[in-house]
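In case you want the letters, here they are:
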Amino acid sequence: GNTYCFNTANQNMKVNRYYQIEQELRKPILYEQLSVVYQPLINLKNNKIVGAEALLRWHHPQLGNVTPIEFIPLLEELGLIIPVGKWVLRSVCNQMKQWQDTGVFLERVSVNVSPLQFQNSDFLLDVKQVLAETAMDPHLLEIEITENALLNINESLNTLLALKELGIHISIDDFGTGYSSLSYLKELPIDTLKIDKSFIQSLNIDGEILVNTIINMGKNLNHTVLAEGIETKDQMAYLKNQHCHEGQGYYWSKPVNSEEIVKLKMLEDGSTFEKDAHY
Ligand code: C2E
Ligand code: MG
Ligand code: MG
Ligand code: MG
């Protein structure tokens, strides 16, 4: 009856949108619709900005803003995450070089790298090429990979060691949600563990034990531990109290454009990044 018709129409709409997005992603003009935003990373001890995470944005004239949750998996499926990922890295390195030259001091900027990109045989070459092209100091660059990029521990180790050799920092993103074994945490040259935001959200319910355990494990392994998705003062205070090193989330700031992150950084100079002072 009516229900059946409704479902079919709804499904058709979803399929149509899927194909439309896919077609738009294949067009060379895509690169003119992409941009990068930056979300501050905060030192929980002194409440200061230590760096930023670069996040990709896509604005299409008809489709509007499409979220990465929707288009990154499609880019992966289409094999386009390799060139687009390289484009992101180049944009970020160019931006950082510009910041470096104009005296803006961000300790590090992190770039998300998809497992497919990380495992691609040209990945290291691409990274070296972008670094050479942009003359960016690799010590300021951090690469974020998820646990799922590390399923082949031997291959991962070689890639990670080569990145470390270049001076690049490594962080494990969305930690606690992937499928790899814990042993790699000890074996691989990792700098930062980013606790997935789902654990931080669960602090309001009964998530303390898991969060505390991850923080302690990360610290015992000498990693920097960062909590993602901090939205409330209570969450911030709890994590600070557990001596989690760093935080990131809407509590301080949403991802903002390159001019705005510089403003946030400038504003805090001489003072701490007190949310209420700016908003
Ligand atoms: P992610 O790397 O874990 O990035 C953090 C995501 O959490 C971002 O979503 C950010 O906007 C969001 N977020 C930050 N603070 C809060 C908060 O307090 N509460 C909540 N609910 N969310 C918060 P975004 O920008 O939509 O990106 C989603 C995912 O898409 C990223 O998750 C990352 O996996 C992927 N992604 C984004 N940019 C890139 C990219 O350039 N390359 C690749 N391969 N993946 C990317
Ligand atoms: Mg990330
Ligand atoms: Mg994450
Ligand atoms: Mg993620």
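Predicted, not measured: the structure shown is a model, and the values here were computed from it.

A. Representation of the overall build of the chain. Helices and strands together make up the secondary structure of the chain, namely 13 helices and nine strands. Taking 279 residues into account, the globule formula puts the C-alpha radius of gyration at 19 Å, and the chain, at 20 Å, falls close to it. Along the first, second and third principal axes, the C-alpha set of the chain runs to 60 × 50 × 45 Å. Expressed as a percentage of its 279 residues, the buried residues of the chain come to 46%. Long-range contacts, defined as pairs at least 24 residues apart, comprise 69% of the intrachain contacts of the chain with a sequence gap of at least 6. Surface summary for the chain: the accessible area is close to 14,400 Å², and the carbon and sulfur share equals 53%. Of the charged side chains in the chain, 23 are positive and 35 negative, and the gap between their average positions amounts to 3 Å.

B. Geometry of a nonpolar patch on the surface. A cluster of nonpolar side chains, namely Val15, Tyr18 and Tyr19, defines an oily patch on the protein surface of about 290 Å² accessible area. By the secondary structure assignment, Val15 is in helix H1 (residues 2-25).

C. Spotlight on the nonpolar core. Ile145 and Leu239 are the most contacted members of the largest nonpolar core, which totals 74 residues. Per-element tally for this core: the top contributor is helix H4 (residues 81-101), with nine residues. Ile145 has contacts with Val113, Phe118, Leu150, Leu160, Ile170, Ser171, Ile172 and Asp173, leaving out every residue within four places of it along the chain.

D. Inspection of the coordination of the magnesium ion (ligand 3) at higher detail. Only Asp173 (OD), Asp174 (OD), Glu228 (OE) and Glu228 (OE) from the protein reach the magnesium ion (ligand 3) as donors, at distances of 2.0 to 2.4 Å. One chain supplies every donor to the magnesium ion (ligand 3), and in sequence these donors are spaced D-D-x53-E. Here the magnesium ion (ligand 3) and the magnesium ion (ligand 2) are spaced 4.1 Å apart, with Asp173 acting as a shared donor. Taken as a pair, Asp174 in strand S6 (residues 169-175) and Glu228 in the loop between strand S8 (224-227) and helix H11 (233-241) lie far apart in primary sequence, 54 residues in all. Asp174 gets classed as partly exposed once you look at its relative accessible area, which sits at 25%.

E. Examining the packing of aromatic side chains more closely. In the structure shown here, the tally under the stated rule is six aromatic pairs. Ring geometry for Tyr31 and Trp87: centres 6.2 Å apart, planes at 50°, overall tilted. Taken as a pair, Tyr31 in helix H2 (residues 30-33) and Trp87 in helix H4 lie far apart in primary sequence, 56 residues in all. Each ring, one from Phe118 and one from Phe123, has its centre 5.8 Å from the other, and the planes form 55°; the classification is tilted. Judged on exposure class, the residue Phe118 and its partner Phe123 are both buried. A cation sits over an aromatic face here: Lys254 above Tyr250, 5.7 Å from the ring centre.

F. Fine view of the pattern of salt bridges. For the structure on display, the rule yields 14 salt bridges. With a shortest N-O distance of 3.0 Å, Lys27 and Glu24 are connected by a salt bridge. Residue class for Lys27 comes out partly exposed when judged on its relative accessible area of 38%. In this structure, Glu133 engages Arg90 in a salt bridge whose closest nitrogen and oxygen atoms are separated by 2.7 Å. Remark: Arg90 occurs in helix H4 and Glu133 occurs in helix H6 (residues 123-134); sequence separation between them is 43 residues.

G. Representation of unusual backbone geometry. Phi is positive for Asp174, which is not a glycine, with a value near 55°. Look at Asn222: it is not a glycine, yet its phi comes out positive at around 65°. With respect to the helices and strands, the residue Asn222 is situated in the loop between helix H10 (208-220) and S8. What makes Asn222 exposed here is its relative accessible area of 70%.

About the criteria used
Residues numbered from 1 in each chain as written. Chains lettered and ligands numbered in written order. Predicted model: local features only at pLDDT ≥ 70, side-chain atom pairs only at ≥ 80, totals over all residues. Heavy atoms only, no water. Helix = DSSP H or I, 4+ residues; strand = E, 2+ residues; numbered from the N terminus. Rg over C-alpha atoms; globule rule 2.2 N^0.38 Å. Buried < 20%, exposed > 50% of the residue type's maximum accessible area, 1.4 Å probe, protein only. Contact = heavy atoms within 4.5 Å. Areas by Shrake-Rupley, 256 points an atom, 1.4 Å probe, with all protein chains shown as cover. Lys, Arg positive; Asp, Glu negative; His and termini not counted. Charge placed at Lys NZ, Arg CZ, Asp CG, Glu CD. Patch = residues over 30% accessible without salt bridge, like charges linked within 9 Å, V, L, I, M, F, W, Y side chains within 5 Å. Salt bridge = Lys/Arg side-chain N within 4 Å of Asp/Glu carboxyl O. Core = buried A, V, L, I, M, F, W, Y, C linked by side-chain atoms within 4.5 Å. Donors = N, O, S within 2.8 Å, 3.2 Å for Na, K, Ca; no water. Phe/Tyr/Trp six-rings, centres within 6.5 Å; stacked < 30°, edge-to-face > 60°. Lys NZ or Arg CZ within 6 Å of the ring centre and 35° of its normal.

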